[in-house]
Amino acid sequence: MTTTVDQSAARPATTAEPVLRADPLGRCLAAALDAADAADVLRLDSQPLRAAHATGLRRVGFPGDAYVLALVGGTGVGKSSLLNALAGGVVSAASVRRPTTSEPIAWVPHAEHEALEPLLDWLGVDETREYDASGLGPLAILDLPDMDSVATSHRDRVETLLPLVDAVAWVTDPEKYADAVLHDDFLRSWLPRLGRQIVLLNKADRLAPGDARRIRRDLEADLASGAIRGSDVAVLVTSAISSGGTDDLQAWLSSGAESKRVVRERIAASIAAAARDLAWTAGEGRAGAGKPFLDAATREAATRAASEAVLRAVDVAGLERQVVAATQAAARARGTGPLGRVTSFVYRASGRETAVADPNRYLLRWRERASLGPAIEAIREAISGPIRHAPPAIRPALAGSIDPVEVRRGLERGVDRAIRDIGHLEPPTSRVWPLLGLLQTVASAGIALSAAWVVVWLIVRPETGSIVLPVLGPVPSPFAALVASLLVGYVLARLVGVHARRLGSRAAARVRDRITVAVEREVRGTAFDRLDELDAARTRLASALDQIDRWCAAAR
Amino acid sequence: MIGTAPVELRALVERLDDLAARRLASRPRTQEGLTRARQLADLLRGHIRVRAASLDAPLVVLLVGPTGAGKSTIFNTIAGRSASPTGVLRPTTRVAIVLVHPDDRQALVDGAFAGIPPSQLRFVEDAALESGLAVVDAPDIDSLEHANRALADRLVEAADLCCFITTATRYADRVPWAVLSRVEERGLPLLVIVNRMPSDLADRAEILADVRRLLAGADLSDQLSAGPDAPPRDLIAVREGDLASAGDRLLPETVRPLRDEIARLRSARDARHELASRALAGSLLALGEGLDRIADDVEHEAIDVEALRRTAARSYESGLTAVLDEVRHGRFLREEALRHWQSYVGADQITRFFSQGIGRIRGAVAALVRPVTAPVTEVRAATTDDLIDVARLQAAEAARRTATAWAAEPSAAPTVAEESDLWLPSAGFDDRLRAGLDAWIDGIAADIQARGESKRLLARGASVGVNVLGTGVMLGTFLHTGGLTGVEVGVAAGTAFLNQKLLSALFGEAAMVELIADARRRLADVLTEAFEAERARFDAHLPSSGELPDLAEELRAAAREVRALPTPAG
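Owing to the predicted nature of the structure, the values given are computational and were not obtained by experimental measurement.

1. Some remarks on the pairing of strand β5 (residues 161-167) of chain B
Residue and element names in this part refer to chain B.
Point 1. For β5, the buried fraction is high: seven of the seven residues fall into the buried class.
Point 2. Burial along β5 is two-sided: the residues Leu-161, Cys-163, Ile-165 and Thr-167 and Cys-162, Phe-164 and Thr-166 are all buried.
Point 3. Sheet analysis places β5 next to strand β6 (residues 190-197), joined by six bridges and oriented parallel. Bridge pairing links Cys-162 to Leu-190 in β6.
Point 4. Assessed by its sense of winding, the connection that carries the chain from β5 through helix α6 (residues 174-186) to β6 is right-handed.

Below you can see the structure in the form of structure tokens.
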């Protein structure tokens, strides 16, 4: 069965809006819209709820102080005869020919006729008959075409009108009361969507009194066995031809039916019913409905795994090496003698330094290194459980919440942000280095001088005894000086190296910690963005449904 | 003996039965399709098989109609006793009540009612009757007891004469007319009773005229006639309240035409034969039509099924393409693992394989002084793990795309709603792919050994080891590119360069390229197989590829054969 959407109803009657806000029905309608919006995020079918909302909004906008009751039933059950019996004259032509009534006929109180004109227009009812005040209450009765004959257009008409009318009298008879069409196609889906309604077992005149009672009980049992809400609908036995055959019906019609309330009841009932259907598809009320899709522990584990994978892709180990190398390069430039400066220059000029000792460049070019696939997969895998346990209708939205392309983009932006936050990485430096450099220069000078001394001593060969060659034990001094300054130079170079490495490692550890924290923060922030939206939508849906439960009930 | 069914028909029945069974087994995807398939099976079993075997089998006269129309009351009138309970509570009758001569009972159970569970049949035996004809009171066709409708539908397929009972209130109801349209399709001889008529003569005339109009509109005039070229029999109108004193049956006079017809059929075998062959001719006509319409159904389903299959195929194909793309560019390889490998291949004692002069000697010395171990396990584990992650991600994406598309198709939506696993990669995906990758790496090692036998490779490479070379080739499949020079010293490029130099030094350039190409092809096979297995989970929910088109073709062929049958002689 389809709910017909009246497109024109999508435009709310503006005059009704401010009045609506405060009262329960207004809140019920507003909550319906909320629920529909949330359902859209979850990719659930919000159409029935929206239609109920639009119809409701439209209905309260109509003037007139009467409600519309439709007579619905199969062909030949005596809808028209019943109306005629109520009216005490011919309102709608009854005949033995089936189906008899093909166009709805409205029977309206004289006083309300004019006011009801727009409403009847909206219902698409052209034929109207007036009646004078008769104690039936403020009531327009619609005699509808049948819904079970070979004329299928009649049934279409009934299905178009059912969402719009305020109350329904389901008419059946001893022959048709157990028909599948009546029960399966109409009562089951419409009883919960209506407020004021009654089931009439007509043609009681054909039955012995005891039989009427038995059939009525049987019908009541059928209604209850459908396990439908609203099965508490009453069954009345009527007859259009025996005297007093419509007394019960008249009593029901004239009792406690304030028209505004009937209209409210109907709107609230149809919204509540659509909301119930939605709640059922959304899995509200099932195990785990109130909790987020992803439990905190799984989420935390996935975030961690994804962060680790991102850090592996960024290659933090490589970054650390670069930091150490950069520190060493800086030390080489500042903490060494002339020779070191030459080496440093060569390294820089050849591009080797940029390649292995430039952490900033290394970090910025992280995209070139490895894919984020494993990281995305860690995130994706986290929603496996939720997908498996989600109600089928939610699965498309849930499975679609981790879109690899989108997650990749999110992670990439996150890593970029993390790198930007860390800022420029300056390799550490030390005041010791220039001092060591000075000493190294002195040592280099020593090496040079002692080497010169050795050369002079070897080449010039001064006569023995002409000068006194200082000796240190058995070794001539020039050699000793050379060896000593070489030794000093070596030790100084090692010292600078070791110191730089230590400084570098410490700096690298700091960089590692910072990027780890930054990446984890970013992953946490972006990985489950869409899932969080779904969670929020579900929470919103649940609370809107609660509101509907509460205010739509209050409106009735 | 007069009146036999064509011999050709008997030969056909077995095959048709088989076709009907296959059609039902193919799980018709629409309600109409299912109904047609059931009708075919029921018609074959309940009528055609019986009549093909013998026109002497007991005739089945069926009383059918909506709930509360008075079928049981009329049945009791014919039976002349309270055989079927009547009452005001609906539906009254929930089983088929069969009035039968004791001799005919077994023939019916084995024949026309062979497809009906015994619990749904109640036999009322009357030895005083003449044999050869059974009257059946069907349950209703339109109450909320759906089982009643199913049973009545089966009985319609098995009947030789249908007596349709409706009322002044009911006669324009849609559901009974749907049943009548099947009676029309089946070419079933028909009688119509309109019960509960008003006493007013003008009203009665108006109603009867309207019913006649509807019957003519439904093309049922032919079937209403008593025989070929005879005019349509008149409707039998029963006034409301014309009950006999017993209360559960009518005054016998009211349904006289029906009683006369039954009496005529009971008394004359020829008349029975004539009716039976008329009914059979109708059934065969309906059979031809039915087979063609079911073939249409099957063809439409085949198109739908192919569309679903294509959706799955496309999703998994694009997933596989994405993985192969990652593989080709080695993008999923971890820098860390590569660095391990680079520092190993770059170590002195390995570089000696591709160095000249001093480097070579230095390597030989280094090998003696400081042996290095290859990071085979680490590199393999890291590579396999990441490759599996990347593949699983794409498999999940393909599953999601397929399931989402299927969820939007009414015929497939229940499948993906019930099988939540279809939304995800299969549980065994990792294990299967890992096994595939392990076998792939082993295959590389075997390949190297096979090539090494004919060359001096093993002698040279012995110190390196087959596992190491296998790992080298494995990385080569991800990293090998034509134009690397080693100037760009990114780890991937550097590793590729060194790795390539090592491999080409050991195998020679040509053999290396071949090895790597082989390995790549085999890896693609492993991944393709893994994705195929994933896709097959969806395919398993569809009929196999040629099944439906074949079935449609066979149905059409059968329809042609049925049409070519000679009409049964009366």
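2. What about the nonpolar core?
Considering soluble globular proteins, one finds that nonpolar side chains tend to be buried as a cluster.
Point 1. Counting 232 residues, the largest nonpolar core has Leu-69 and Ile-271 of chain A together with Leu-258, Leu-287, Trp-440 and Phe-478 of chain B as its most contacted members.
Point 2. In terms of residue count, the dominant contributor to this core is helix α10 (residues 269-329) of chain B (19 residues).
Point 3. Among all residues touching Trp-440 of chain B, those that are not within four sequence positions of it are Met-474, Thr-477, Phe-478, Ala-519, Arg-522, Leu-523 and Val-526 of chain B.
Point 4. Residues Val-100, Leu-121, Trp-177 and Leu-208 of chain B belong to the second largest nonpolar core, which totals 45 residues.

3. Quick word on helix α11 (residues 296-314) of chain A
Residue and element names in this part refer to chain A.
Point 1. Helix length check: α11, at 19 residues, gives a terminal C-alpha distance of 26 Å against a target of 27 Å (1.5 Å per residue), a fit within 8%.
Point 2. Restricting attention to buried positions, one finds in α11 the residues Ala-302, Thr-303, Ala-306, Ser-307, Ala-309, Val-310, Leu-311, Ala-313 and Val-314.
Point 3. The secondary structure elements touched by the buried residues of α11 are α12 (316-334), α15 (359-364), α16 (373-382), α19 (404-422) and α21 (477-526).
Point 4. Positive phi shows up at Asp-315, right after α11, with a value of about 65°.

4. Overview of the environment of Ser-149 of chain A
All names here are of chain A.
Point 1. You can see Ser-149 is positioned in the loop between β4 (139-143) and α6 (152-161).
Point 2. Owing to a relative accessible area of 2%, Ser-149 belongs among the buried residues under this scheme.
Point 3. In the structure, Ser-149 is positioned 357 residues away from Arg-506 in sequence and 89 Å away in space, judged by C-alpha atoms.
Point 4. A polar atom in the side chain of Ser-149 sits 3.0 Å from the backbone nitrogen of Ala-151.

5. Description of the interface of chain A and chain B
Interfaces are often sized by the accessible area lost when the parts come together.
Point 1. Contacts between the two partners involve 61 residues from chain A, matched on the other side by 53 residues from chain B.
Point 2. Applying the counting criterion to the chain A and chain B interface returns 10 salt bridges.
Point 3. In this structure, Glu-175 of chain A engages Arg-170 of chain B in a salt bridge whose closest nitrogen and oxygen atoms are separated by 3.8 Å.
Point 4. Looking at the side of chain A that touches chain B, the elements that each hand over two or more residues are α6, α7 (180-190), α8 (209-225), α12, α16, α17 (384-389), α18 (395-400) and α19 of chain A.
Point 5. Examining the composition of the side of chain A that touches chain B, we find that six residues originate from one element, α16 of chain A, more than from any other.

6. Some points on the sheet that holds strand β5 (residues 167-172) of chain A
Residues and elements named next belong to chain A.
Point 1. As summarised here, the arrangement of the seven strands in space is β3-β2-β4-β1-β5-β6-β7, forming an open sheet in which the pairing is mixed. The two strands at the open ends of the sheet, each matched to only one other strand, are β3 (127-131) and β7 (235-237). Between one strand axis and the next, the sheet turns through 25° on average, direction left out of account.
Point 2. Bridge count for strand β2 (residues 105-109) against β3 is five bridges, and the pairing is parallel. Bridge assignment links Pro-109 to a residue of β3, and that residue is Tyr-131.

7. Some words on the side chain of Ser-143 of chain B
Point 1. With respect to the helices, strands and loops of the structure, Ser-143 of chain B is situated in the loop between β4 (133-137) and α5 (146-158).
Point 2. Apart from residues no more than four positions distant in its own chain, Ser-143 of chain B is found in contact with Ala-178, Asp-179 and Ala-180 of chain A together with Thr-67, Pro-91 and Asn-148 of chain B.

8. Structural notes on the pairing of strand β6 (residues 196-201) of chain A
All names here are of chain A.
Point 1. Summarising burial for β6: six of the six residues are buried, a large majority.
Point 2. Neither face of β6 is exposed, since Arg-196, Ile-198 and Leu-200 on one face and Gln-197, Val-199 and Leu-201 on the opposite face are all buried.
Point 3. Across six bridges, β5 lies against β6 in parallel orientation. Each bridged residue has a counterpart across the sheet, and for Ala-169 the counterpart in β6 is Ile-198.
Point 4. The parallel pair β5 and β6, bridged by α7, forms a crossover whose chirality is right-handed.
Point 5. The sheet contact formed by β6 and β7 spans three bridges and is parallel. Considered in β7, the bridge of Val-199 is made with Val-235.

Procedures and definitions
Residues numbered from 1 in each chain as written. Chains lettered and ligands numbered in written order. Predicted model: local features only at pLDDT ≥ 70, side-chain atom pairs only at ≥ 80, totals over all residues. Heavy atoms only, no water. Buried < 20%, exposed > 50% of the residue type's maximum accessible area, 1.4 Å probe, protein only. Helix = DSSP H or I, 4+ residues; strand = E, 2+ residues; numbered from the N terminus. Pairing = 2+ DSSP bridges. Right-handed = clockwise from strand over helix to strand, strands pointing away. Core = buried A, V, L, I, M, F, W, Y, C linked by side-chain atoms within 4.5 Å. Contact = heavy atoms within 4.5 Å. Expected span 1.5 Å × (residues − 1). Polar contact = N/O pair within 3.5 Å; in protein donor to acceptor, adjacent residues only side chain to side chain. Salt bridge = Lys/Arg side-chain N within 4 Å of Asp/Glu carboxyl O. Axes fitted to C-alpha atoms, helices over the stretch in contact; angles between N-to-C directions.

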